[in-house]
There are 2 protein chains.
Amino acid sequence: MRLTSYFPILDWGRRYNRQTLTSDLIAAIIVTIMLIPQSLAYALLAGLPPETGLYASILPLIAYAVFGTSSALAVGPVAVVSLMTAAAVGNIAAEGSVDYASAAIMLAMLSGVMLTLMGLFKLGFIANFLSHPVISGFITASGIIIATSQVGGLLGIHTEGHAMPDLVMSIADNIGAINGYTTAVGAVALVLLVWIRFDLRNWLNRLGVSKGVATIIVRAGPVMVVFLTMVLSALMDLQGKGVPLVGQVPQGLPMLSLPNLDLSTMQQLAVPALIISIVGFVESISVAQTLAAKRRERIAPNQELIGLGASNIAAAVGGGYPVTGGFARSVVNFDAGAATPAAGAFTAIGIAGATLLLTPFLAILPKATLAATIVVAVLPLVDFSIFRRAWDYSKADFAAIAITFTGTLLLGVETGISLGVGTSILVFFYRSSQPHIAIVGRVPGTEHFRNVQRHQVETVPGILSIRIDESLYFANARYLEDFVASQIAANPSLTDVVLMCSAVNAVDISALESLEAIEHRLKEVGVRLHLSEVKGPVMDKLKQNPFLAELSGEVHLSQHGAICAIRDASKNG
Amino acid sequence: MRLTSYFPILDWGRRYNRQTLTSDLIAAIIVTIMLIPQSLAYALLAGLPPETGLYASILPLIAYAVFGTSSALAVGPVAVVSLMTAAAVGNIAAEGSVDYASAAIMLAMLSGVMLTLMGLFKLGFIANFLSHPVISGFITASGIIIATSQVGGLLGIHTEGHAMPDLVMSIADNIGAINGYTTAVGAVALVLLVWIRFDLRNWLNRLGVSKGVATIIVRAGPVMVVFLTMVLSALMDLQGKGVPLVGQVPQGLPMLSLPNLDLSTMQQLAVPALIISIVGFVESISVAQTLAAKRRERIAPNQELIGLGASNIAAAVGGGYPVTGGFARSVVNFDAGAATPAAGAFTAIGIAGATLLLTPFLAILPKATLAATIVVAVLPLVDFSIFRRAWDYSKADFAAIAITFTGTLLLGVETGISLGVGTSILVFFYRSSQPHIAIVGRVPGTEHFRNVQRHQVETVPGILSIRIDESLYFANARYLEDFVASQIAANPSLTDVVLMCSAVNAVDISALESLEAIEHRLKEVGVRLHLSEVKGPVMDKLKQNPFLAELSGEVHLSQHGAICAIRDASKNG
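The structure displayed is predicted, hence computed values, not measured ones.

A. Examining the overall build of chain A more closely. When you go through chain A residue by residue, the secondary structure sums to 26 helices and 8 strands. Considering chain A as a whole, with its 573 residues, one finds that 56% of them fall into the buried category. Long-range pairs, those at least 24 residues apart, make up 79% of the contacts in chain A with a sequence separation of at least 6. Roughly 23,500 Å² of accessible area belongs to chain A as shown, and the carbon and sulfur atoms make up 63% of that amount. Between the averaged position of the 34 positive side-chain charges in chain A and that of its 36 negative side-chain charges there is a distance of 10 Å.

And the structure:
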């Protein structure tokens, strides 16, 4: 029971049969075809040799098949995480150096260990800090940065930087060095890829090609573009004309190895690894949940952390770099019929085969083709609709998006997302630090109490009834103190204050201290403090505490009961 | 109207009369006597020349009298802020250097500007981040650090550091250099001060001294100890025996000046200044509120920020260092009858007089006397009772205290308080990321719906009713998604899901996206989503949004109405 929850493969593996095998194999073939150019391109985006992308598409997929719970999630290199890797590793080593590659491996290892620990200790809630506005603003800005970073690759000029100011400056500086052949290859690849993406299916439909075949042709399109530009490169001797090519790639599978455990590198990469882990997890879990729901399946968020953690540890061991579940590939995997996580393992076998067979030919592939692949892959990430929606819905949510977006574009991925998270937290505490507080009175003829400002209600002189519409905790404890202080200063004839707690779901120790301060100050001026309609769990907590025993007033079951009891006591007293 | 809210002096100044003048003058004399040794001692604690403490007790008090709203708050140097100043400034300059003194002035200026801006923009809510557990753990740890830092002064040895490891190490390293005369002076001063504090009043009572006179004698006790040790120092030539004395102090009032506006110093001091501002404000506002409530007065938190901000700007201009409202002195001020903030202005005049007249004599004062003054002043800060209370009340609150306390002791004031704030925020989000969610059914014979696990209730097959006991926002949006996903995976026969929103006070855009994801996933599997008992303000927000228009189910006024409508529809359909 316990074992299958940590090794979901033991569960679905038992029910594995010829039918699921067939479905998984077909899905694996389609995803493999899609993944080959993407994995090469994303490695380049991460500033790593292209084979690193292939390596990151082998062992991680097998690890996810063992530990993951989503039948459709396609794990591997993705655009945003590749950019984040480049930004993190670029801070501590020069691109192309041995240190750079080993730092990327260390980053995968750290991220893998963090994700696994978060899963084992059920800390998935940490991902909640990335609110929707933050993740949307971040992904859109990342898409723009990634597309801009490929302009150099498309034009054959050198660019650098992982945020817009540096990128734009370096493009402007080197714009004179444009290589016409590179630009031509880039333009052809870009036009073909856009056409394949948006138009090829309709065109095939009109030609009468069946839907299934058309899908396979569309999926294979990007690989065709790779082949086409390789052929062009060979026929026209593009290298001789100054077009940057991928160059020699080591043939064969990666050697297994452990990362170089250098403590100072680990310290420098710890925060980026945490951010990459959380961003990767949030992206992965949302696509996994969406796809699982379509089949009434369920994914286990904490086990997903372990699955992604294992994938990243596998990436580190197998010469790759940080990976996560990719949105577009997962949808393709799902549509192609992937029935179990085994589809991912078969994809890994496909990529391993490609690594063995294709690497000799990759030397002549123009880098511009990969740049075009990236641009087309990231365009769907750029989505401004959330800005409009947030503006209409709530200015505070809009502020979080705008700050994340602007911060990411101008200051880079880590700063941008940190600013966004900080803004979300500030906005949240700002809102809940000023909870709705109403002075209430009785609706005539009922036992029902409502806001005196909105309803015609009856109040009893000398008794003030206050309803707080929020749990009481450190962010708003002082607000209630201020409110009560201003009320007793304004009403010299008060004898009793009743706090109506029907909307108070919790009281933390800061709020308890505030309640004690309120009680203490009221006592000084001869005003009794009462509570009413305190919820069971809150009452359980308060009962353990001397506060209730020392309360000058009573705790009443209902607000109506409170008013009656106070009035009766003052008549008799 | 607006002017008096920013200049409270215009309000109470108009009602000023002979009676309030007398009260204020008496309070001012008592506080002045108390403040002279404390201001000298706290300046030494901050690593500054002793006259800096006097300077920080002149202009800031006058500024507070103009801008402050508390009639009893006694502003000036306090122990915890002095320690924080030493820690912040010690990072960027060597103690005793010109840079050190000018950095302290800059710190006061930054803190003053920050507090004033927070007041003008009504940002007092930022102080809420310092929850009760954090501030309690922090103050107790600071008290221990401060007392330990004075061991060197009491024994005549050199110590350094602003956290326990450094302090204890430096005491251990130098313990061999103890000066017997210094230790004797320190011991005498300490014993006398403790005796004055805890026993003198009883002793005077037994002698038949009237209560009023006894109070004045007790308050004047510390100044007497200063005089006594000065006399001892002169008679016994303590300087010749190696006892460290205060030494030459410039006579006269401070020159007004602006701080040296060095940008890199400002950057380094910005975060410490913010932390000092918030800690100072929290300490000050709680004593001000407690004292104000005793007289049914009211203090305005945002105007208090301006008052403390003006005080710190005045401290910077007048050669002082960061100040705030002190707990012990404010209570003395209140008890002595201070009727308006003018009492503080009179105290400032008293200190100015002392600065002119006393400074020539201070040269022979042993520093050990000041160390003893500090130790006696900070002992009440060390209070472990909150640890026990928090442990009993909530383990999460206890964790926040323990982390703040340990972090402050071992890693210093800034790191300690930052860890504490981080822990509070994490704990809060952890709790609210897993809100109470109940599946509800109808209590037989009523229209009332309760938790199926706690009550005997009726449910309708195919309809799942879920009640969420928390506002929906980014921290728990995904939790609801998980919950609904697991429910639809477990109940294949479901046709309708009703979300009962009676406890949902707000829905942010992250939660809205989650609701849309839930709706979308339910639609995929042919399940309708309904809402019931949505509160007015939440409904206003949702109405602006396409989510409601595209909802597969309906929004029902009551949970009972929802169940009836769904059952009727399925019968008719």
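Following the structure, the description resumes.
B. Highlighting a nonpolar patch on the surface. All names here are of chain A. A cluster of nonpolar side chains, contributed by V113, L117, L120 and F121, occupies part of the molecular surface with about 370 Å² of accessible area. One can find V113 in helix α7 (residues 98-120). Take V113: its relative accessible area is 36%, and that puts it in the partly exposed class.

C. Representation of helix α8 (residues 132-149) of chain A within the structure. With 18 residues, α8(A) should reach 26 Å at 1.5 Å per residue; the first-to-last C-alpha distance of 25 Å fits that figure. Extensive coverage of α8(A) is indicated by the burial of 17 of its 18 residues.

D. Highlighting the relation of the copies chain A and chain B. Turning chain A through 180 degrees and shifting it by 0.0 Å along the axis lays it on chain B, with an RMSD of 0.1 Å. The two molecules are tied by a two-fold rotation axis, judged by turn and shift. The rotation axis passes nearest to the C-alpha of A503(A) in chain A, at a distance of 3.6 Å. Most of the interface of chain A is mirrored in chain B, where 100% of its interface residues are also at the interface.

E. Representation of the interface of chain A and chain B within the structure. Counting from both sides, the interface comprises 64 residues of chain A and, opposite them, 66 residues of chain B. Carbon and sulfur atoms make up 57% of the area that chain A and chain B hide from each other, which totals about 6,200 Å². Linking chain A with chain B are 6 salt bridges, by the criterion used here. Close ionic contact of E516(A) with R389(B) constitutes a salt bridge, the shortest N to O distance being 3.0 Å. One can count 22 residue pairs in polar contact (both at pLDDT 80 or more) joining chain A with chain B. Put simply, the parts of the chain that give the side of chain A that touches chain B at least two residues each are α8, α14 (263-294), α19 (385-393), α21 (413-432), α22 (474-490), α23 (509-524) and α24 (536-543) of chain A. It is α22(A) that provides the largest number of residues to the side of chain A that touches chain B, a total of 9 residues. When its residues are assigned to classes, the side of chain A that touches chain B shows 31 nonpolar, 15 polar and 18 charged.

F. Expanded view of the packing of helix α11 (residues 180-198) of chain A against helix α18 (residues 367-378) of chain A. Residues and elements named next belong to chain A. Two elements in contact, α11 and α18, have axes whose closest approach is 8 Å; the angle formed by their N-to-C orientations is 35 degrees. The chirality of how α11 crosses α18 is right-handed. Seen from α11, the contacting residues are T182, V185, G186, A189, L190, L193, V194 and R197; seen from α18, they are A368, T369, A372, T373, V375 and V376. Considered class by class, the residues forming the contact of α11 with α18 number 9 nonpolar, 4 polar and 1 charged.

G. Geometry of unusual backbone geometry. Residue and element names in this part refer to chain A. Positive phi values are uncommon outside glycine, yet K122 reaches one of about 55 degrees. Topologically, K122 is positioned in the loop between α7 and α8. Assessed through its relative accessible area of 45%, K122 is described here as partly exposed.

H. Up close: the sheet that holds strand β6 (residues 496-500) of chain A. Residues and elements named next belong to chain A. One open sheet holds the 6 strands; their spatial order is β4-β3-β5-β6-β7-β8, and the pairing between them is mixed. On the outer flanks of this sheet lie β4 (449-451) and β8 (555-556), each paired with one strand and no other. Both β6 and strand β7 (residues 528-532) contribute to a ladder of 5 bridges, which runs parallel. Of the residues in β7, the one forming a bridge with V498 is H530.

I. Looking closely at the side chain of T347(A). Here T347(A) is to be found in helix α17 (residues 342-362). Aside from chain neighbours lying at most four places away, what touches T347(A) is A28(A), V31(A), T32(A), L35(A) and L61(A).

J. Here's a closer look at the packing of aromatic side chains. Enumeration according to the criterion identifies 36 aromatic pairs over all chains in this entry. Ring centres of F387(A) and F398(A) lie 6.3 Å apart, and the angle between their planes is 75 degrees; on these two criteria the pair is classed as edge-to-face. Of this pair, F387(A) sits in helix α19 while F398(A) sits in helix α20 (residues 395-411), and the two are 11 residues apart along the sequence. Judged by its relative accessible area of 15%, F387(A) falls in the buried class. Taking the centre distance of 5.2 Å and the plane angle of 40 degrees together, the rings of F7(B) and F67(B) count as tilted. Taken together, the residues F7(B) in the loop between α1 (2-6) and α2 (9-14) and F67(B) in helix α5 (residues 59-67) connect sequence positions 60 residues apart. Taking the relative accessible area as the measure of exposure, F7(B) reaches 29% and is therefore partly exposed. Classification of F67(B) as partly exposed rests on a relative accessible area of 21%. Every member of this aromatic cluster is reached through a ring pair, and the members are F129(A), F428(A), F429(A), Y473(A), F474(A), F129(B), F428(B), F429(B), Y473(B) and F474(B). A cation sits over an aromatic face here: K541(A) above Y393(B), 5.5 Å from the ring centre.

K. Molecular detail of the nonpolar core. Ranked by size, the top nonpolar core spans 271 residues in total, and within it F429(A) and F429(B) carry the most contacts. Non-local contacts of F429(A), meaning those with residues more than four positions away in its chain, are made with Y473(A), F474(A), A475(A), F125(B), F129(B), I425(B), F428(B) and F429(B).

L. Local environment of the sheet that holds strand β5 (residues 463-468) of chain B. Residues and elements named next belong to chain B. Read across the sheet, 6 strands follow the order β4-β3-β5-β6-β7-β8 without closing on themselves; strand pairing throughout is mixed. Each edge of the open sheet is held by one strand with a lone partner, namely β4 (449-451) and β8 (555-556). Of the strands in this sheet, β3 (437-442), β5 and β6 (496-500) are in contact with helix α22 (residues 474-490), which crosses β3 at around 50 degrees. Helix α26 (residues 559-572) contacts β3, β4, β5, β6, β7 (528-532) and β8 of the sheet and is inclined by roughly 170 degrees relative to β6.

M. Region of the structure containing the pairing of strand β3 (residues 437-442) of chain A. Residue and element names in this part refer to chain A. Bridging between β3 and strand β5 (residues 463-468) involves 3 bridges; their strand directions are antiparallel. Bridging from a neighbouring strand, A438 pairs with R467 of β5. Across 3 bridges, the pairing between β3 and β4 is antiparallel. Along β4, the bridge assignment pairs V440 with N451. Counting the residues between successive antiparallel strands, the hairpin from β3 to β4 contains 6 residues, one of them, G445, with a positive phi of roughly 80 degrees.

N. Representation of the pattern of salt bridges within the structure. Inspection of the entire model under this criterion finds 20 salt bridges over all chains. The partner of K294(B) in a salt bridge is E524(A), and the shortest N-O contact between them spans 3.9 Å. Of the two residues, K294(B) sits in helix α14 (residues 263-294) while E524(A) sits in helix α23, which places them in two different chains. With its nearest N and O atoms 2.9 Å apart, the salt bridge here joins E458(B) to R442(B). Note that E458(B) is positioned in the loop between β4 and β5 and R442(B) in strand β3, a separation of 16 residues in sequence.

O. Layout of the environment of Q289(B). As for its position among the elements, Q289(B) is in helix α14. Sequence separation of Q289(B) and I401(B) is 112 residues, and the distance between their C-alpha atoms is 23 Å. For Q289(B), the residues in contact, after removing those within four places along its chain, are R478(A), E481(A), D482(A), R521(A) and I299(B).

About the criteria used
- Residues numbered from 1 in each chain as written.
- Chains lettered and ligands numbered in written order.
- Predicted model: local features only at pLDDT ≥ 70, side-chain atom pairs only at ≥ 80, totals over all residues.
- Heavy atoms only, no water.
- Helix = DSSP H or I, 4+ residues; strand = E, 2+ residues; numbered from the N terminus.
- Buried < 20%, exposed > 50% of the residue type's maximum accessible area, 1.4 Å probe, protein only.
- Contact = heavy atoms within 4.5 Å.
- Areas by Shrake-Rupley, 256 points an atom, 1.4 Å probe, with all protein chains shown as cover.
- Lys, Arg positive; Asp, Glu negative; His and termini not counted.
- Charge placed at Lys NZ, Arg CZ, Asp CG, Glu CD.
- Patch = residues over 30% accessible without salt bridge, like charges linked within 9 Å, V, L, I, M, F, W, Y side chains within 5 Å.
- Salt bridge = Lys/Arg side-chain N within 4 Å of Asp/Glu carboxyl O.
- Expected span 1.5 Å × (residues − 1).
- Least-squares fit on C-alpha atoms with pLDDT ≥ 70 in both.
- Buried area = accessible area lost by both parts, 1.4 Å probe.
- Polar contact = N/O pair within 3.5 Å; in protein donor to acceptor, adjacent residues only side chain to side chain.
- Nonpolar A, V, L, I, M, F, W, Y, C, P; charged D, E, K, R; others polar.
- Axes fitted to C-alpha atoms, helices over the stretch in contact; angles between N-to-C directions.
- Left-handed = near helix turned anticlockwise from the far one by under 90°.
- Pairing = 2+ DSSP bridges.
- Phe/Tyr/Trp six-rings, centres within 6.5 Å; stacked < 30°, edge-to-face > 60°.
- Lys NZ or Arg CZ within 6 Å of the ring centre and 35° of its normal.
- Core = buried A, V, L, I, M, F, W, Y, C linked by side-chain atoms within 4.5 Å.

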